[in-house]
Amino acid sequence: MINRILIRIKVVQLLYSYLLSLSEFKIEAAPENATRDRRFAYAVYLDMLMLIQALSGLKINNPQAAPLALNVNKYLKANRVGKALADNHELKQITFKSIADFNAIAPCVQTLANKIVASEAFGEYSRRRARSLDDDVRFWTTILETVVLKDGELNQALRNNSDFSLTGLHHGVMAAVDTLKDYNNSSSAYFGALNELQRSLQKSYDLYLSLFALIIELTDEQIDRIEAAKTKYLATAEDLNPNMRLAHNRFAEFLRQNETITKFIDDNKFRWIESPGLLKQLHDTILDSDIYSDYINSPADDWHTDCEFWRSVLRNIVIPSDAFSDALEAKSIYWNDDIDTVGTFALKTIRKFSLAEDPATVEFMPQYKDQEDATFSSELFKAAIANKDTYREYIDRFISQDWDPDRLAFMDIVIMITAIAEILNFPTIPVPVSLNEYIEIANNYSTPRSGSFINGILYSVVKMLAEDGSLGKPFTIARRNDEPVNND
């Protein structure tokens, strides 16, 4: 049921929210016009970040760094913080240009490693059966504060720096601690966004099933009104002998007995009746409609007619209803954006039931067509995040010289980053398919001119990637009248 069109929309939406609120893993910049304490604190700060890499068995990114032959503990190697620091592009650039005082402390790194392994913090950390990212970060922040900062041999090595001060030493170590904590917060947000993406897609499937649950509850509303009318003090002949076509609708009764729908309702404790006034308002609109009038007066009284009645009600009354829109917003923050796409799937499902000789042979759509679709969202999100800076560089190359990149709609940037991630990381998806899908997303979710703008930029990026051999899939290059000019 959840196809790649909906997945792409969800990835763009969650990526937009994630990048907009992201607290980056930031490396402090060198202070300008700094005092002696601040200069020394910054040198210590870089030393601490490089020290963690070294103690994790990783090579320092500087040709002037003293070679280290360390006996690295397996738990320190497995800790993810060192690898994260080693992969940080900003830190790589800084440490490549300046080795700070790391060569001065290099001779005492192995001794320091032994002290860390002998520490109480390490003992507690290594005994954990499972170590989360939070555990990894907490371990190094504790080690920096309780072992490294207080180590006499390291302290003595740093005294060779003419700017040495105890204040600078303390501030430098604590700055490293703060950087690690910021990294943990950013990573938590990353995994939180991934979880939110999956939750959003699950909610889309819930909306699909809830539309069938709504049919049951609207039918129940009809039954309740009929029974209430019979007990009126001055019941009319129509009250006593009502038209029972809707109350006895075969499709509604089939849904009431269907295991998929009943399990969804029971597992989620789901009832539309909890939305104040919704059922009454929708039911009133249905009874006043030509759809209902044609239905109860139709000479055809069969399974197909009952299915098509509800198909018409969903398409023309329920889905466009403002009351239903308000109820969607109250039920889930995701549903208002999903209803058009999910509603189409529900209508297609009813159509399949309508045409079936035996409805028991028809199944509701599964959440995903296959395992490849089930993993598509998370893989696309991860690829976009992992390469967002590179993809942004591609985009900036083809922005006109008289257009400030900072003035671009942020949603346009997110859409293009996601599109490039799909084009480069999913070889089985044809390039034109990806281009068309993201241009359509831009038309629906960004500014009025975004579609044509994104079309031109993405075409130029793909053309560049095809020409330099990094595209990895077929793409026919043909110059178009609206093709942007490369301003490099």
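Report follows, based on the coordinates. In this text, all values refer to a predicted model and were calculated from it rather than measured experimentally.

### Examining the overall build of the protein
Reasoning step 1: For the protein, the helix and strand inventory stands at 24 helices and zero strands.
Reasoning step 2: In summary, the protein has a C-alpha radius of gyration of 31 Å against a globular reference of 23 Å for 488 residues, an excess of more than 25%.
Reasoning step 3: Once the C-alpha set of the protein is aligned to its principal axes, its extents read approximately 105 × 60 × 40 Å.
Reasoning step 4: A separation threshold of at least 6 residues defines the contact pool for the protein, and within that pool the share at least 24 residues apart is 80%.
Reasoning step 5: In the form shown here, the protein has an accessible surface area of approximately 24300 Å², with 49% of it arising from carbon and sulfur atoms.
Reasoning step 6: Positive and negative charge centroids in the protein, built from 52 and 69 side chains respectively, lie 6 Å apart.

### What to know about the environment of T260
Reasoning step 1: In this structure, T260 sits in helix α14 (residues 259-268).
Reasoning step 2: By relative accessible area, which is 36% here, T260 ends up partly exposed.
Reasoning step 3: Separated by 129 residues in the primary sequence, T260 and D389 place their C-alpha atoms 44 Å from one another.
Reasoning step 4: If we skip the residues at most four places from it in the chain, T260 touches L209 and F364.

### Let's talk about unusual backbone geometry
Reasoning step 1: You will see that N33, though not glycine, has its phi angle at about 50 degrees, which is positive.
Reasoning step 2: Considering the arrangement of structural elements, one finds N33 in the loop between α1 (4-21) and α2 (36-55).
Reasoning step 3: The exposed category is assigned to N33, whose relative accessible area is 82%.
Reasoning step 4: Unusually for a residue other than glycine, K269 sits at a positive phi of about 50 degrees.
Reasoning step 5: For K269, the position within the fold is in the loop between α14 and α15 (278-287).

### With respect to the pattern of salt bridges
Reasoning step 1: Applying the stated rule across the entire model yields 29 salt bridges.
Reasoning step 2: Between D163 and R39 there is a salt bridge; the shortest N-O distance is 3.2 Å. In this pair, D163 is assigned in the loop between α10 (152-158) and α11 (166-230) and R39 in helix α2, connecting sequence segments 124 residues apart.
Reasoning step 3: Accessibility expressed as a relative area gives 16% for D163, which makes it buried.
Reasoning step 4: Among the salt bridges present, the one from D301 reaches R250, with a minimum N-O distance of 2.9 Å. Taken together, the residues span a long stretch of sequence, with D301 in the loop between α16 (290-297) and α17 (303-318) and R250 in helix α13 (residues 250-257) at a distance of 51 residues.
Reasoning step 5: Overall, R250 belongs to the partly exposed group, its relative accessible area being 33%.

### Some remarks on the packing of α2 against helix α9 (residues 133-148)
Reasoning step 1: At a closest axis distance of 12 Å, the pairing of α2 and α9 adopts a crossing angle of 105 degrees. Regarding the angle of α2 to α9, the classification is roughly perpendicular. Note on element contacts: α9 touches α2 through W140, L144 and V148, opposite M48, L51, I52 and L55.
Reasoning step 2: Taken together, the residues that form the contact of α2 with α9 break down as seven nonpolar, no polar and no charged.

### Side note on a negative patch on the surface
Reasoning step 1: Negative charge collects at one region of the surface, where E28, E145, D178 and D182 lie side by side.
Reasoning step 2: Positionally, D178 belongs in helix α11.

### Some thoughts on the packing of aromatic side chains
Reasoning step 1: Within the structure shown, the criterion is met by 29 aromatic pairs.
Reasoning step 2: Here F254 and W303 contribute two aromatic rings whose centre-to-centre distance is 5.7 Å and whose plane-to-plane angle is 85 degrees, an arrangement assigned as edge-to-face. One end of the pair, F254, is in helix α13; the other, W303, is in helix α17, with 49 residues separating them in the sequence.
Reasoning step 3: Residue classification places W303 among the buried residues on the basis of a relative accessible area of 17%.
Reasoning step 4: The residue whose ring lies beneath R131 is Y125, and the NZ or CZ to ring-centre distance is 5.6 Å.
Reasoning step 5: Cation over ring: K331 sits above W272, and NZ or CZ is 5.7 Å from the ring centre.

Calculation rules
In this convention, every chain numbers its residues from 1, walking through the sequence in written order. Per-residue local features are limited, in this predicted model, to residues with pLDDT of at least 70; the limit for side-chain atom pairs, both in listing and counting, is 80 or more; totals at the level of whole chains, interfaces and linings are taken over all residues. Side-chain metrics in this entry use all non-hydrogen atoms of the structure; hydrogen atoms and water are not considered. Each helix is a run of DSSP H or I of at least 4 residues and each strand a run of E of at least 2, with the numbering of both proceeding from the N terminus. Radius of gyration: C-alpha atoms only; globule rule: 2.2 Å multiplied by the number of residues to the exponent 0.38. Contacts between residues were defined by any pair of non-hydrogen atoms, one from each residue, lying within 4.5 Å. In this description, accessible areas are obtained by the Shrake-Rupley approach with a 1.4 Å probe, and a residue is regarded as covered only by the protein chains that are shown. His residues and chain termini do not enter the charge count, which takes Lys and Arg as positive and Asp and Glu as negative. In plain terms, the charge of a residue is placed at NZ if it is Lys, CZ if Arg, CG if Asp and CD if Glu. Burial classes follow relative accessibility: with a 1.4 Å probe on protein chains only, a residue under 20% of its type's maximum area counts as buried, one over 50% as exposed, and anything between as partly exposed. Any Lys or Arg side-chain nitrogen found within 4 Å of a carboxyl oxygen on Asp or Glu counts as a salt bridge. Angles run from 0 to 180 degrees between N-to-C directions of axes, and those axes are lines fitted to C-alpha atoms, restricted for helices to the stretch in contact. With respect to orientation, any angle under 35 degrees is reported as roughly parallel, any angle over 145 as roughly antiparallel, any angle of 65 to 115 as roughly perpendicular, and every other angle as oblique. For this classification, Asp, Glu, Lys and Arg are treated as charged, while Ala, Val, Leu, Ile, Met, Phe, Trp, Tyr, Cys and Pro are nonpolar and the rest, including Gly, are polar. Note that patches include only residues with greater than 30% relative accessible area and no salt bridge, and the join distances are 9 Å for like charges and 5 Å for nonpolar side chains (Val, Leu, Ile, Met, Phe, Trp, Tyr). Two aromatic rings from Phe, Tyr or Trp, using only the six-membered ring of Trp, form a pair when their centres are within 6.5 Å; if the ring planes differ by under 30 degrees the pair is stacked, by over 60 it is edge-to-face, and anything between is tilted. Definition used: whenever NZ (Lys) or CZ (Arg) falls within 6 Å of the ring centre and also within 35 degrees of the ring normal, the charge is taken to sit over that ring.

None of this, on its own, says anything about what the molecule does.
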